[in-house]
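# Fold and geometry: a report
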Amino acid sequence: MSANIKKIGVLTSGGDSPGMNAAIRAVVRACAYHNIECAGIYRGYQGMIEGDFKEMNARSVNNIINKGGTILKSARSKDFMTKEGREKAHENLVSNNIDAIVVIGGNGSFTGGLIFNEEYGFPVIGIPGTIDNDIYGTSFTLGYDTALNTVVEVIDKIRDTASSHNRLFFVEVMGRDAGHIALNAGIGAGAEEILIPEEDMGLDRLLESLRKSKASGKSSSIVVIAEGDKIGKNVFELKDYVEENMPEYDVRVSILGHMQRGGTPSCFDRVLASRLGVKAVETLLEGKSNYMVGLLKDEIVLTPLENAVKGKSQIDKELIKVSDIVSI
Ligand code: F6P
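Described below are features of the structure shown in this document. (Residues numbered from 1 in each chain as written. Predicted model: local features only at pLDDT ≥ 70, side-chain atom pairs only at ≥ 80, totals over all residues. Heavy atoms only, no water.)

## Topic: the site of the ligand
Selection rule: Nearness is defined per residue: one heavy atom within 4 Å of the molecule or strand is enough. Polar contacts here mean pairs of N or O atoms no more than 3.5 Å apart (in protein, one a potential hydrogen donor and the other a potential acceptor; neighbouring residues in sequence count only if both atoms are side-chain atoms). Shrake-Rupley sampling with a 1.4 Å probe provides the accessible areas, and residues are treated as covered by the protein chains on show and by no other component. Residues were grouped as follows: Ala, Val, Leu, Ile, Met, Phe, Trp, Tyr, Cys and Pro as nonpolar; Asp, Glu, Lys and Arg as charged; and all remaining residues, including Gly, as polar. These domain limits were set by an automatic method or by a database of domain assignments.
In the vicinity of the ligand, the contacting residues are Arg-76, Thr-130, Asp-132, Met-174, Gly-175, Arg-176, Glu-227, His-258 and Arg-261. The side chain of Glu-227 places a nitrogen or oxygen atom 2.5 Å from an oxygen atom of the ligand. A distance of 2.8 Å separates an oxygen atom of the ligand from a polar atom in the side chain of Arg-261. Protein contact buries 76% of the 400 Å² of open area that the ligand shows by itself. Considered class by class, the residues forming the shell around the ligand number one nonpolar, three polar and five charged. Here the shell around the ligand spans two domains, and each of domain 1 (7-143 + 265-310) and domain 2 (145-261) adds at least three residues to it.

## Focus: the sheet that holds strand 11 (residues 299-304)
How we decide: Two strands pair if DSSP finds at least two bridges between them. A run of H or I in DSSP counts as a helix once it spans at least four residues, and a run of E counts as a strand once it spans at least two, with each numbered from the N terminus. Axes here refer to lines fitted to C-alpha atoms; in helices the fit is confined to the stretch in contact. Angles between the N-to-C directions go from 0 to 180 degrees. Any two residues whose heavy atoms approach within 4.5 Å at even a single point are treated as in contact.
Pairing is mixed across the open sheet formed by seven strands, whose spatial order is 3-2-1-4-5-10-11. On the outer flanks of this sheet lie strand 3 (53-56) and strand 11, each paired with one strand and no other. Neighbouring strand axes in the sheet, compared pairwise and without regard to direction, differ in orientation by 30° on average. The pairing of strand 5 (residues 124-128) with strand 10 (residues 291-296) spans two bridges and is classified as parallel. Its bridge partner lying in strand 10, Gly-126 is registered against Met-292. Sheet contacts for helix 9 (residues 267-285): strand 1 (7-12), strand 4 (100-105), strand 5, strand 10 and strand 11; angle to strand 10, the most-contacted strand, approximately 140°.

## Concerning unusual backbone geometry
Keep in mind that most residues, glycine aside, have a negative phi and that most peptide bonds are trans. Even without being glycine, Lys-73 reaches a positive phi, approximately 65°. Mapped onto the elements, Lys-73 comes out in the loop between strand 3 and helix 3 (83-95).

## What to know about the pairing of strand 8 (residues 221-226)
Within a regular strand, the side chains alternate between the two sheet faces. For clarity, the threshold we go by: Exposure classes here rest on a 1.4 Å probe applied to the protein chains alone. A residue is buried below 20% of its type maximum, exposed above 50%, and partly exposed in between. By the criterion used throughout, a crossover qualifies as right-handed when its path from the first strand across the helix to the second strand runs clockwise, the strands pointing away from the viewer.
Most of strand 8 is tucked away, with six of its six residues classed as buried. Side chains Ser-221, Val-223 and Ile-225 project from strand 8 onto one buried face, and the interleaved Ile-222, Val-224 and Ala-226 project onto a second face that is buried too. For strand 6 (residues 168-173) and strand 8, the ladder comprises six bridges, and the chain directions are parallel. Bridge pairing in strand 8 places Glu-172 opposite Ile-225. Note: strand 7 (residues 193-195) against strand 8, three bridges, orientation parallel. What sits directly across from Glu-193, in strand 8, is Val-223. In this fold, strand 7 hands off to helix 7 (residues 203-215), which returns the chain to strand 8; that crossover is right-handed.

What follows is the structure, encoded as structure tokens:
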């Protein structure tokens, strides 16, 4: 283990996700285990610029493994996008004797970490934390599994009322640029159609599919839509469009929104967070920097941070086929 790293700073950045607290806990305790210091940095990069740090030890993270959100708070810092902001952040890290940082967040947060490393040679390790699961180099990001379970649970409830009233529901789920939540939760919840940014099914095919559903004897239907889908109409416009073209449908819209980001993390997310947190600290102690820790084929692996940022996470095309087959 390298003797150069004596103190690690940990922060959460960007949209929060369930499991971030479990990852903070793992980082703090791995530091304690390896006899190095750890500082919590509040409000992501913004707290780094403002010097909002707190020393943390193994007991600072008691009873947080089961909590959603992030005890360190999160932010999308505009100031960190400026050279002056990053300079101030660097000064604060140096004056607090912090030798490396672990950034728990998504693509934007990793981009910030990369630029910071390029400018100051400051060691950075990323832990993928976002419900969207849209990061290259890991099959699962922290919070994605929990969000899937939340979405499925809610759609099950929507299905009850959809079925009672013979209605068609458009359910919008999160996923700014990626359809992982929509595709997997859609299959899990038995959706008739799933609209995702990666595949533009087009309005005609949607109508065709809804016609077929009706003709096959379905009295109610659920269509799951990723917020970033490319069909060209927002979810309310889609409702109007379908009602105009198919007056036989009584359509309702449900936008699940930020409830998907909250709640108790699933066991999967807690274990993943623990593994990634330990690996992040040990990677730094081995003298490595500029990596993201991730999970591929159930192994914790390192991906260069640059590849994680530039690479594109892919949806599983097999799932589209499965969805088409099981929704007839
Ligand atoms: O990146 C995660 C995410 O939840 C996206 O799915 C969503 O578009 C975005 O964050 C919402 O961000 P905000 O919290 O700023 O509304």
